[in-house]
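Spelled out, the chains give:
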Amino acid sequence: MSRVLVTGGAGYIGSHAVRALVDAGHTVAVLDDLSAGHAAAVPTAVPIVTCGMHETARVAEALADHRIEAVMHFAAWLDVGASVAEPIGYYHNNVTGTLSVLEAMRRTGVGQFIFSSTCATYGEPTRVPMDESLDPHPINAYGETKLAVERALPHLERAYGIRFIALRYFNAAGAHPDGSIGEDHEPEIHLIPRALRAATGGPPLKVFGEDYPTPDGTCLRDYIHVCDLADAHVLALGGLAGGAGSAVYNVGTGTPHSVRSVMAAVSRVVGQEVRWEAAARRPGDPAALYASSERIQRALGWRPRYPDLDAIVQHAWRWHVGHPRGYEDRLLA
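Residues numbered from 1 in each chain as written. Predicted model: local features only at pLDDT ≥ 70, side-chain atom pairs only at ≥ 80, totals over all residues. Heavy atoms only, no water.

1. Some details on the overall build of the chain
Operational definition: Labels follow the DSSP assignment, with helices taken as runs of H or I lasting at least four residues and strands as runs of E lasting at least two, numbered in each case from the N terminus. When a residue's accessible area, from a 1.4 Å probe over protein chains only, is under 20% of the maximum for its type it is buried; when over 50% it is exposed; and in between it is partly exposed. Whether two residues touch is decided by their heavy atoms; if any such pair falls within 4.5 Å, the residues are in contact. The Shrake-Rupley method, run with a 1.4 Å probe, gives the accessible areas here. Residue values count only the displayed protein chains as cover. We count Lys and Arg on the positive side and Asp and Glu on the negative side, and we leave His and both chain ends out. In this description, the location of a charge corresponds to atom NZ of lysine, CZ of arginine, CG of aspartate or CD of glutamate.
Secondary structure assignment for the chain yields 11 helices and 14 strands. Reported as C-alpha extents along the three principal axes, the dimensions of the chain are approximately 55 × 50 × 40 Å. Counting over 333 residues, the chain shows a buried share of 57%. By sequence separation, contacts in the chain at least 24 residues apart represent 77% of the contacts at least 6 residues apart. Carbon and sulfur atoms make up 52% of the accessible area of the chain, which totals about 13700 Å². Seen as two clouds, the 28 positive and the 36 negative side-chain charges of the chain have centres 3 Å apart.

Written as structure tokens, this is what we have:
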């Protein structure tokens, strides 16, 4: 078992990874500035270091205090549209902040790094499903910042011995099946929770673009259950701990779903129609992104437990019903 620091561990994907790590028997600490994460999403037995990732000395102190052996790095900004409008902020946060964490690792001799990357590194793919042999050509600053870190990691490995696994995952979705933790962003930018709100009295869902070269004109995406992503991170940790070499892996189901098909799944699960309205395409949105995950399946034995879209929506709905005001409900309880 490993001693792991999870940066951004109070966030959506990070909190599910923390739960999976704890369930697997690892010793976990979380580092999060709580600007977007929620302390209530972290198990009470897991310590939280409230700190920004740019605070290199404090990150190094956390690594030393908790005798950390591996870092699982989720802390990042992730809004594609915002990255197009504010690229300097995205480079400062996602690149400089990550390098700060890596510098803290160098200072303290921590040699294993699992990086939360993204399919946005590929840009507009020349073929689908996308595999790791595709040359990355990001079309937004978010993807560029993640790729910048990926490109830095081999240099850091040669210089400092920090081995890494970067996981390029597709559209994280769903919630823990028991409904205890889930997705709580404000403002919410992801499709499924926005569609759930639109089906239950919230504002109409904006469908960004109906003229893409896809079967129904809306974007195609690969929706991967957040617990399946957490499983991939735990397997990556095991791989590095067992001496596996550094690598980059896609994590997705390989099945594309259009915006309209997601709306239909939400309507089936909730029993109400999703109110929606057409909107212009967003800058930096490719028409179709879906994965080939054969490499991680072969190397680490990863398989999605929840590949079905309706199951993903059902778990998200369970969280939504139990927490209509997000983590605020738990804090007030």
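2. A closer look at the packing of helix α8 (residues 259-270) against helix α10 (residues 309-322)
Selection rule: Structural elements are reduced to axes, namely lines fitted to C-alpha atoms, with helices fitted over the stretch in contact, and the angle between N-to-C directions of any two is expressed from 0 to 180 degrees. Any angle that is under 35 degrees is reported as roughly parallel, and any over 145 degrees as roughly antiparallel; angles of 65 to 115 degrees are reported as roughly perpendicular and all others as oblique. Throughout, a crossing is termed right-handed when the near helix is turned clockwise from the far one, and left-handed when it is turned anticlockwise from it by less than a right angle.
At a minimum axis distance of 9 Å, the contact between α8 and α10 shows a crossing angle of 55°. In terms of their interaxial angle, α8 and α10 are classed as oblique. In the packing of α8 onto α10, the handedness of the crossing is right-handed. On the side of α8, the interface is formed by S261, V262, A265, V266, R268, V269 and V270, while α10 contributes L309, D310, V313, Q314 and W317.

3. Observations regarding the sheet that holds strand β14 (residues 288-289)
We apply this condition: Strands are treated as partners if at least two bridges between them are detected by DSSP.
What the 3 strands build is an open sheet, ordered β12-β9-β14; its pairing is mixed. The sheet is open, and its two borders are formed by β12 (257-258) and β14, each paired with just one other strand. Here strand β9 (residues 220-221) pairs with β14 via 2 bridges, running parallel. Following the sheet pairing, L220 is matched in β14 by A288.

4. Some remarks on the packing of aromatic side chains
Where we set the bar: A pair of Phe, Tyr and Trp rings is counted when the ring centres sit within 6.5 Å of each other, with Trp represented by its six-membered ring. The angle between the planes then sorts it: under 30 degrees is stacked, over 60 is edge-to-face, the rest tilted. Sitting over a ring, as applied to charges here, requires NZ of Lys or CZ of Arg to be within 6 Å of the ring centre and within 35 degrees of the ring normal.
Within this structure, the stated rule accounts for 3 aromatic pairs. Ring geometry for W77 versus Y90: centroids 5.4 Å apart, planes at 70°, classification edge-to-face. With a gap of 13 residues between them, W77 in the loop between β4 (70-73) and α3 (80-85) and Y90 in helix α4 (residues 87-108) connect regions that are remote in the sequence. Using a relative accessible area of 5% as the deciding quantity, one classes Y90 as buried. Ring plane angle 15° and centroid distance 6.1 Å describe the contact between F113 and F115, whose orientation is recorded as stacked. On the accessibility criterion, F113 (0% relative accessible area) is buried. A relative accessible area of 1% places F115 in the buried class. The side chain of R168 reaches across the aromatic face of Y122, ending 4.9 Å from its centre.

5. A short note on the sheet that holds strand β6 (residues 163-169)
Here we have 7 strands laid out as an open sheet, ordered β3-β2-β1-β4-β5-β6-β11, and parallel in their pairing. Taken across any chain shown, the strands that pair with only one partner, and hence form the sheet edges, are β3 (48-50) and β11 (247-251). When strand polarity is set aside, the average angle formed by the axes of neighbouring strands in this sheet is 20°. Looking at chain direction, strand β5 (residues 112-118) and β6 are connected through 7 bridges and run parallel.

6. Concerning helix α5 (residues 141-160)
To keep things clear, this is the line we draw: Take the residue count of a helix, subtract one, and multiply by 1.5 Å to get its expected span. The reported bend at a residue is simply the angle between two axes, fitted to the 7 residues ending at it and to the 7 residues beginning with it.
Given a rise of 1.5 Å per residue, 20 residues ought to cover 28 Å, and the 28 Å separating the end C-alpha atoms of α5 matches this to within 8%. At L153, α5 shows its strongest bend, of approximately 25°, with the proline P154 following within four residues. Within α5, burial applies to A141, Y142, G143, T145, K146, L147, V149, E150, A152, L153 and L156. The inward-facing, buried residues of α5 contact α3, α4, β5, β6 and β11. Following α5 by one or two positions, G161 has its phi on the positive side, about 75°.

7. Side note on unusual backbone geometry
In this structure, P129 follows V128 across a cis peptide bond, with omega equal to -5°. Along the chain, P129 falls in the loop between β5 and α5. A cis amide bond, omega 0°, links E186 with the succeeding residue P187. Looking at the secondary structure, you find P187 in the loop between β7 (171-173) and α6 (191-199). At L34, a position not held by glycine, the phi torsion is positive, near 60°. The residue L34 is located in the loop between β2 (27-32) and β3 in this model.

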